[in-house]
Amino acid sequence: MNTSQVIIEYLAAAGIRHIFGYPGDPTVEFLEAARREGMRFILGSREGTAGLMAQAYGQLTGRPGVCLSTLGPGATNLVNAVANAYLDRVPMLAISGQIEGKREPYFTHQVVDHKRIFSSISKWTTAVQPDTVATIMRKALRIATAERPGPVHITAAADVVGVEASDHVVSLPPMRARRENWTPQIFSTGAGQVDPVKLLKASRRPMILAGVSAVWSEAGDALVKLAEEIGCPLVVAPMAKGLMPEDHPLFAGTLDMACNGYIWDFLGQADLLLAVGFDGVELIKPWSLNVPTIHIDTLPNSDQIYQAELEIVGDIAGILDALRTACGTLERWSEQEIANHRGGLQDRYYVGRVSGRINPTDVVDVVRRIMPRDTIVATDVGSHKLLIGQGWTTYHPRTLLTSNGLSSMGYSLPAAIAAKLIHPERPVVSFTGDGGLAMVQGELRVAATLKVDPLVVVFCDNSLNRIELKQSARHYPSWGTLIEPTDMAMLAQAMGCDGINVDSIQSLESVLNGARAKDRPLVIGVKIDPAQYAAQF
Ligand SMILES: Cc1ncc(C[n+]2csc(CCOP(=O)(O)OP(=O)(O)O)c2C)c(N)n1
Ligand SMILES: [Mg+2]
């Protein structure tokens, strides 16, 4: 086997069948190895968007998403996607070609230093050689999938990729996030009670705040059972949406999206907070709660973004099960109390809605009502995301895909394409702003070429609204934040997709209810009235 083949064999052994990328001269051997193995290569319109597909692959499957670039401009184009995976905590192997090793130290054309570029946005940056490739692949897979998951960047130089490998034995490291029978470790400040069961039993107003690490640990069922047993409301961070079905009577909302002040006020009523797999990367402002907190996670609370007097570190689901068994039934909150809170949340969510217009919340509501429960949604970044993050009802983990660590525009359409490739039978919706779509609209052509059929719903407001609102909050004029309208129907058709512009909720409904092609995306440009954003944010 040559070096590329060893890499490919490792990917295949890890259950990975898709590589997203864009080729260049030094990656030809790698492509050929992938082809011979029967892998699928998804040619994005650029490395950055292919990398975002790889990120969504990781978010959906738990396996590392793999993306490929050439040297120089290909590698630099990958940066955004690798940073995305880093701050969104997604396992990823990003592989870039490079000039031959003997020329790299002095040659300049297209040569950039991958280690320096990727080291601040990766868990590890490395390079393969024929006599190290199997070892490097084991280490790369282990690092990418170990908590917190993230990207590893691998350089495979032109004089290495086709060379016979002497390190070629394929043997996988453990990669599952969940560890069985792992005895938790307890750390405390020593200032107060260190028995979490006593703390929970003594509390009158416990609450749970769950985050993305609980998704990696597949702790959703254990979380719901604990909340039910102790009668405790649960708030989720956006990347953890779906851990508890959002029609559950104990579900209390999503943090740091629309209505964030209301959710923080609610959390402030707790007399004990269980922070379960909560990752501070999703906070948009410093932690302001002054509530005794127990940190439950696979890693210690080394961020110190919030303080916890007690840390229980181990398998999250195992810890939650043990707490539930030890606490027994507590019934701390009545369903009515949580229902009242949710009623208030709903009122807040609709603030600024004017009947007769296409309010952003109308778009979310109509799509949610018509699409099935198991729909996978990818949302882009902007004002629309804040409403979708709160208002899109999610019933299963990994069904709301979002970039909320790096919060990079342009994520949603590539993510929706990846979702369709992985789950062709499931409905997939990409919600995006007009600014975010403009960054990646070439991917519409890619989706049509792949014959996948995500629904692409564009919030058209001719504005980078989220930033325009920041200007108006300072009484500055809109400057550098307005964008010319794009005819979404014509754009879609030029890209081999179907497309339609709608300017009423009724027409949006009838498009969603109508028949549509199964082999290409449908782009719906919705002319929204952004006044509701201004009323809320
Ligand atoms: C790659 C990137 N560039 C810039 C930003 C800063 N930013 C956040 S939201 C936003 C506006 C997004 O506009 P649009 O996609 O039209 O969504 P809207 O806010 O109008 O709903 C910008 C520029 C970002 N998050 N990501
Ligand atoms: Mg916009």
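That block above? That's the structure.
Bear in mind that the values here come from a model prediction, so they are computed numbers and not experimental data.

Thresholds, definitions, all that
Along each chain, numbering runs from 1 in the same order as the chain's sequence is written. Chain letters start at A and ligand numbers start at 1, both assigned in the order the entries are written. The predicted origin of the model limits local features to residues at a pLDDT of at least 70 and limits the giving and counting of side-chain atom pairs to 80 or more, whereas totals for whole chains, interfaces and linings rest on all residues. The side-chain quantities take in all heavy atoms of the structure and omit both hydrogens and water. Secondary structure counts use DSSP, requiring at least four H or I residues in a row for a helix and at least two E residues in a row for a strand, with both numbered from the N terminus. We compute the radius of gyration from the C-alpha atoms alone; for a globule the expected value is 2.2 Å times N to the 0.38, where N is the number of residues. Only protein chains enter the accessibility calculation, which uses a 1.4 Å probe. A residue is then buried if its area is under 20% of the maximum for its type, exposed if over 50%, and partly exposed in between. Note on contacts: a residue pair qualifies if any of its non-hydrogen atoms lie within 4.5 Å across the two residues. In this description, accessible areas are obtained by the Shrake-Rupley approach with a 1.4 Å probe, and a residue is regarded as covered only by the protein chains that are shown. Working convention for charge: Lys and Arg count positive, Asp and Glu count negative, and His plus the chain ends are omitted. To locate a charge, the coordinates of NZ of Lys, CZ of Arg, CG of Asp or CD of Glu are taken. Metal donors: N, O and S atoms at distances within 2.8 Å, or within 3.2 Å for Na, K and Ca, with water omitted from the atom set so that some sites may seem incomplete. For the purposes of these results, a polar contact is taken to be a pair of N or O atoms within 3.5 Å, where, inside protein, one atom must be able to donate a hydrogen and its partner to accept one; residues adjacent in sequence count only when each atom of the pair is a side-chain atom. Two strands are counted as paired when DSSP detects at least two bridges linking them. For helices, the fitted axis covers only the stretch in contact; all axes are lines through C-alpha atoms, and the angles between them, taken along N-to-C directions, range from 0 to 180 degrees. Any Phe, Tyr or Trp ring, taking Trp's six-membered ring, that has another such ring centre within 6.5 Å forms a pair; planes under 30 degrees apart are called stacked, those over 60 apart edge-to-face, and the others tilted. Whether a charge sits over a ring comes down to the Lys NZ or Arg CZ being within 6 Å of the ring centre and within 35 degrees of the ring normal. The handedness of a crossover follows from its direction of travel: if, with the strands pointing away from the viewer, the path from the first strand over the helix to the second runs clockwise, the crossover is right-handed. The nearness test applies per residue and asks whether one of its heavy atoms lies within 4 Å of the molecule or strand. Each residue gets one label: Ala, Val, Leu, Ile, Met, Phe, Trp, Tyr, Cys and Pro are nonpolar, Asp, Glu, Lys and Arg are charged, and the others, such as Gly, are polar. Here a cavity means grid points, on a 1 Å grid over the protein atoms only, where a 1.4 Å probe fits yet cannot get out; a pocket means an open set of points with protein on both sides within 12 Å along at least five of seven lines; lining residues are those with an atom within 4 Å of a point. Grid points are joined across faces, edges and corners, and a volume is the space filled by probe spheres set on the points.

Observations concerning the overall build of the protein chain
If you tally the helices and strands in the protein chain, you get 21 helices and 19 strands. Relative to the globule expectation of 24 Å for 537 residues, the C-alpha radius of gyration of the protein chain, 24 Å, shows essentially globular dimensions. Taken along its principal axes, the extent of the C-alpha atoms in the protein chain is 65 × 60 × 45 Å. Across the 537 residues of the protein chain, 58% fall into the buried class. Put simply, of all contacts in the protein chain between residues at least 6 apart along the chain, 75% involve residues at least 24 apart. Carbon and sulfur atoms form 52% of the exposed surface of the protein chain, whose accessible area is close to 21,000 Å². When the 48 positive and 55 negative side-chain charges of the protein chain are each reduced to one mean point, those points stand 1 Å apart.

Side note on the coordination of the magnesium ion (ligand 2)
Within the protein, the magnesium ion (ligand 2) binds to Asp-434 (OD), Asp-461 (OD) and Ser-463 (O); these donor distances fall in the range 2.1 to 2.2 Å. The sequence pattern formed by the donor residues of the magnesium ion (ligand 2) is D-x26-D-x1-S.

Overview of the side chain of Thr-432
Inspection of the secondary structure puts Thr-432 in strand S16 (residues 428-433). The exposure class assigned to Thr-432 is buried, which follows from its relative accessible area of 1%. At a separation of 3.3 Å, a polar atom in the side chain of Thr-432 contacts the main-chain amide nitrogen of Leu-437.

Some remarks on the sheet that holds strand S8 (residues 206-210)
Strand order in this open sheet of seven strands is S7-S13-S12-S11-S8-S9-S10, and the pairing throughout is mixed. Strands at the two margins of the open sheet, each flanked by one partner only, are strand S7 (185-188) and strand S10 (251-254). On average, adjacent strands in this sheet sit at an angle of 20° to one another, irrespective of strand direction. The sheet contact formed by strand S9 (residues 234-236) and S10 spans two bridges and is parallel. What sits directly across from Val-236, in S10, is Thr-254. Running at roughly 165° to S8, helix H9 (residues 220-230) makes contact with S8, S9 and strand S11 (272-276) of the sheet.

Comments concerning the packing of aromatic side chains
Under the criterion given, the structure shown has eleven aromatic pairs. Through a chain of ring-to-ring contacts, three or more aromatic side chains come together here, namely Trp-264, Phe-278, Trp-287 and Tyr-306. Over the aromatic face of Phe-107 sits the side chain of Arg-103, whose NZ or CZ is 4.4 Å from the ring centroid. For the cation-ring pair, Arg-205 lies above Trp-333, with the distance from its terminal atom to the ring centre recorded as 4.0 Å.

Examining the pairing of strand S4 (residues 92-98)
Counting buried positions along S4 gives seven out of seven residues, so the element sits mostly inside the fold. The two faces of S4 match: Met-92, Ala-94, Ser-96 and Gln-98 on one face and Leu-93, Ile-95 and Gly-97 on the other face are all buried. Examined bridge by bridge, strand S3 (residues 65-69) and S4 share five bridges and lie parallel to one another. Residue pairing for S4: Gly-65 is matched across the bridge by Met-92. In this fold, the crossover linking S3 to S4 by way of helix H4 (residues 73-88) has right-handed handedness. Bridge analysis of S4 against strand S6 (residues 151-157) gives seven bridges, and the strand direction is parallel. Among the inter-strand pairings, Ile-95 is bridged to a residue of S6, identified as Ile-154.

Considering the site of ligand 1
Ligand 1 sits among 18 residues. The nearest are Ser-383, His-384, Asp-434, Gly-435 and Gly-436. One of the backbone nitrogen or oxygen atoms of Ser-383 is found 2.9 Å away from an oxygen atom of ligand 1. Here an oxygen atom of ligand 1 and a side-chain polar atom of Asp-434 are 2.7 Å apart. Protein chains bury 78% of the 580 Å² of accessible surface belonging to ligand 1 in isolation. Within the residue set of the shell around ligand 1, elements represented by two or more residues are helix H14 (383-391), helix H16 (434-440) and helix H18 (465-473). Among the elements that line the shell around ligand 1, the one with the most residues is H16, at four residues. Residue composition of the shell around ligand 1, by class: five nonpolar, ten polar and three charged.

Here we look at empty space enclosed by the protein
The full count for this structure, using the stated rule, is three cavities of 30 Å³ or more. Estimated volume of the largest cavity: approximately 140 Å³. Lining the largest cavity are Gln-59, Asp-88, Val-212, Val-215, Trp-216, Met-239, Lys-241, Arg-398, Thr-399, Leu-400, Leu-401 and Thr-402. Counting only elements with at least two residues in the lining of the largest cavity, the list comes to helix H8 (212-216) and strand S15 (400-402).

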